[in-house]
Amino acid sequence: MKRLLTFLLLIFVVLLSACNSLNISTKQPTNPDNSAQSQLQIVTLDENIKIAAGETLYVPVYSHIYYEDQEKVLNLAATLSLRNTDFINPIIITSVQYYDSSGKLIKQYLEQPIQLSAMASTDFVVRRNDTSGGVGANFIVEWVAEKEVSEPVIEAVMIGAESTQGISFVSSGRVINNQKNSKLSPAKESS
């Protein structure tokens, strides 16, 4: 039974990889780098906004992994998934930044804060051929809310396949800073 499940998962990964290499997509994004972002509402934050909840999260991401030794590498596509788990209230994503293994900022994914409606989700993709992040890449994600909300689920899904080998795994975000019952800081106003 275990072998059958493994075999079916491997076939799924290979088919998914084949679809990606043929550029088959079920959605027609207006911006290929941030397809889900184009459907979200941009918001303007001012210094008078009262923050009831908010966090900064560190999300480990792997643009490639080694197998057998450090000379054999499998490149991975990474999808950062942001999911508002609150049934009633929106959250505001203020920043999504991608850093490489040495801590250098590679890409700022948001030019302006976006609102993620109740129970909505969005994603950001690092393509399989983009290995600029390295093995120790990460996302820093910041979000705030004007009301108490249930914490969002923020995680990265990595997937890669070559010939008959495939791998996929999930990396959860870890809170590195909390914001509660405060006003928006001046640093956040300019981002």
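Further up the page is the structure itself.
Basis of the calculations
- Residues numbered from 1 in each chain as written.
- Predicted model: local features only at pLDDT ≥ 70, side-chain atom pairs only at ≥ 80, totals over all residues.
- Heavy atoms only, no water.
- Helix = DSSP H or I, 4+ residues; strand = E, 2+ residues; numbered from the N terminus.
- Buried < 20%, exposed > 50% of the residue type's maximum accessible area, 1.4 Å probe, protein only.
- Contact = heavy atoms within 4.5 Å.
- Areas by Shrake-Rupley, 256 points an atom, 1.4 Å probe, with all protein chains shown as cover.
- Salt bridge = Lys/Arg side-chain N within 4 Å of Asp/Glu carboxyl O.

Caption draft 1: Here's a closer look at the overall build of the chain. When you go through the chain residue by residue, the secondary structure sums to two helices and 15 strands. Split into buried and exposed, the 191 residues of the chain put 39% on the buried side. Partitioning the intrachain contacts of the chain with sequence separation of at least 6 by distance along the chain shows that 79% fall at a separation of at least 24. Counting only carbon and sulfur atoms, one obtains 52% of the accessible surface of the chain, whose full area is about 11400 Å².

Caption draft 2: Up close: the pattern of salt bridges. Applying the stated criterion across every chain yields a total of one salt bridge. Here E162 makes a salt bridge to R128, at a shortest N to O gap of 3.4 Å. Taken together, the residues span a long stretch of sequence, with E162 in strand 12 (residues 153-162) and R128 in the loop between strand 10 (121-126) and strand 11 (138-145) at a distance of 34 residues. A relative accessible area of 34% places E162 in the partly exposed class. Here R128 falls in the partly exposed class, since its relative accessible area comes to 31%.

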